[in-house]
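# Geometric and topological summary
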Amino acid sequence: MNKLHLFTKKNVCLLFIFTLLFTSFGTVTAPKAEAAITASGYVYYTSDNDLFRIKTDGTGAALIMEDFDVPGTALNRGGKYLYYLSYNGSTTLLRLPIDGTATEDEIFHNDVLHYSIVNGTLYYMTSAGKIYSVSANAAAVSEAKQIADKADTDFEEFKIIDGKIYYNTVRNGRSTWVASKAVTGAGQVQYIAAGAIEQDHHIQTTANSVNIIVNTKPEEQFYSLDCVVLYSVPKKGGAAKALNLNAPIDANAAYSGRWATNTYYLFNKDIRLDSEGHFNYNTGKGYLLNTSGKTFSLHSTGVYGVANVGTDKMAFIDSANKGYVATIKNNKVISKKNLNISKLYSVYNIMWGGKIASTIFFGDNASYLLKSDLSVQKIPGLNGDFMRINDDMDGIYYINDDSKDTGYGQLFHLSSDGKTATMLSEQTISRVLLVAKQ
């Protein structure tokens, strides 16, 4: 039985989960001085330790606060405020107004284990196992309403989907269960499965269902067990269904993987940990679990990045940091194409209009657009470490990392189809923190 380090198990780096509807792509153009996008929202960024925002068309740059202490977690926009935790692991939720009137942030609540902002409403869990909702524009936390109790504070992750909250609760005073309830607090708790959601990105949706990766033995934190089961719950209500109950996945295998656009869950069978407790992808073999509960082999070595390509293909990165595209038919890989790109660390889809517009590989030395003929093209200046994306907004907002370009260190936008890069500001940028709607 594999020893499983708690840190490794709970902190797999899963930055983005997207889906893909593949279209044809043109050549990536050189950066332009003129903005060519609409002002659908704002980009929040720092420059010389000051916090700014600028419209997504490159106009209206404004100072929000001087000498801003960059938070340990990403900013979240809620109404007229920015919310954040000052460092990873903090339970003090801070906020500041976006109108530039603040000289320092304020403490909104000092007992927050986990929080989320959806459609202008702030949801948060406290150390007492209670979950609350409150308008993000609330004058004070005293306006909050309790919507659930008996939440399991050892597994504080939750997610809001279509008017329901999916979270972990303590049932009968002793065992952990995945549950759901209306975000209004009305009605009864629906108990979905014995076990726990350990990361909110383990919850994904299709048109009609919510699919949840559940650890059925969450009390075991030292050994890796065959205990991870995929459950499907109808969005409109109804009983949950365990899709691979007779073939649960080893915890190490499951947590070394990720969702691929709501249709497949990647896991690495037989993966081991190295001497520092990190996943050694050279020891694993990449497999896919589909939303019908079927599993099949993807690659002969470990795989740590996947993204859908159309309805029958999967882009992925193997343990040697090389990029491939596999063609899938009847739950079987029938062919693979080596893309001849290496030193990669992530691949994911860029969304626009609820559909997938492009697939991009990110590497140590370059980023690449996957074209419709399954060739790749380098994207100048795009570095995955210096960007932000919002699924509801067009494209990628990033700091130009091309030292040979006159726009080096400045804010750029790449259209969601990967065709056009546009310079938004001549100001030198330190970090892009958030992209949010108006």
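Residues numbered from 1 in each chain as written. Predicted model: local features only at pLDDT ≥ 70, side-chain atom pairs only at ≥ 80, totals over all residues. Heavy atoms only, no water.

### Things to note about the pattern of salt bridges
Note on pairing: side chains with opposite charge can pair once their charged atoms come close. Evaluated as defined, the whole model comprises 4 salt bridges. Of the charged contacts in the structure, one is a salt bridge between D162 and K235, with a shortest N-O distance of 3.5 Å. A residue pair is termed long-range when its members are at least 10 positions apart, and D162 in the loop between β12 (159-161) and β13 (164-171) and K235 in the loop between β18 (226-234) and β19 (241-242) qualify at 73 residues. Between D417 and K419 there is a salt bridge; the shortest N-O distance is 3.9 Å. Residue D417 is classed as partly exposed on the basis of its relative accessible area, which comes to 23%. (Salt bridge = Lys/Arg side-chain N within 4 Å of Asp/Glu carboxyl O. Helix = DSSP H or I, 4+ residues; strand = E, 2+ residues; numbered from the N terminus. Buried < 20%, exposed > 50% of the residue type's maximum accessible area, 1.4 Å probe, protein only.)

### Section: the side chain of T176
Here T176 is to be found in strand β14 (residues 175-182). Relative accessible area serves as the criterion here: at 14%, T176 is assigned to the buried category. One polar contact links T176 to D152, side chain to side chain, over a distance of 2.5 Å. Setting aside anything within four residues of it in sequence, one finds T176 in contact with D152, F155, N168, T169, A194, G195, A196 and P218. (Polar contact = N/O pair within 3.5 Å; in protein donor to acceptor, adjacent residues only side chain to side chain. Contact = heavy atoms within 4.5 Å.)

### Focus: the packing of aromatic side chains
By the definition in use, this model includes 16 aromatic pairs. A centroid spacing of 6.2 Å and a plane angle of 65 degrees characterise the contact between Y81 and Y83, whose relative ring orientation is edge-to-face. Judged by its relative accessible area of 11%, Y81 falls in the buried class. Given the relative accessible area of 0%, Y83 is considered buried. Here the basic side chain of R53 rests over the ring of Y42, its NZ or CZ set 3.8 Å away from the ring centre. In this structure, R171 is placed above the aromatic ring of Y191, and the distance from its NZ or CZ to the ring centre is 4.0 Å. (Phe/Tyr/Trp six-rings, centres within 6.5 Å; stacked < 30°, edge-to-face > 60°. Lys NZ or Arg CZ within 6 Å of the ring centre and 35° of its normal.)

### Points about the pairing of β18
For β18, the tally of buried residues reaches 7 of 9 residues, placing the bulk of the element in the interior. In this structure, strand β17 (residues 209-215) lies alongside β18, joined through 7 bridges in antiparallel fashion. Counterpart to N211 in the pairing with β18 is S232. In this sheet, strand β20 (residues 249-250) lies alongside β18 in antiparallel orientation, the contact comprising 2 bridges. Bridged to D226 within β20 is D250. Strand direction decides the pairing type here: β18 and β19, joined by 2 bridges, are antiparallel. Following the sheet pairing, Y231 is matched in β19 by A242. The antiparallel hairpin formed by β18 and β19 contains 6 residues in its connecting segment, where G237 sits at a positive phi of about 110 degrees. (Pairing = 2+ DSSP bridges.)

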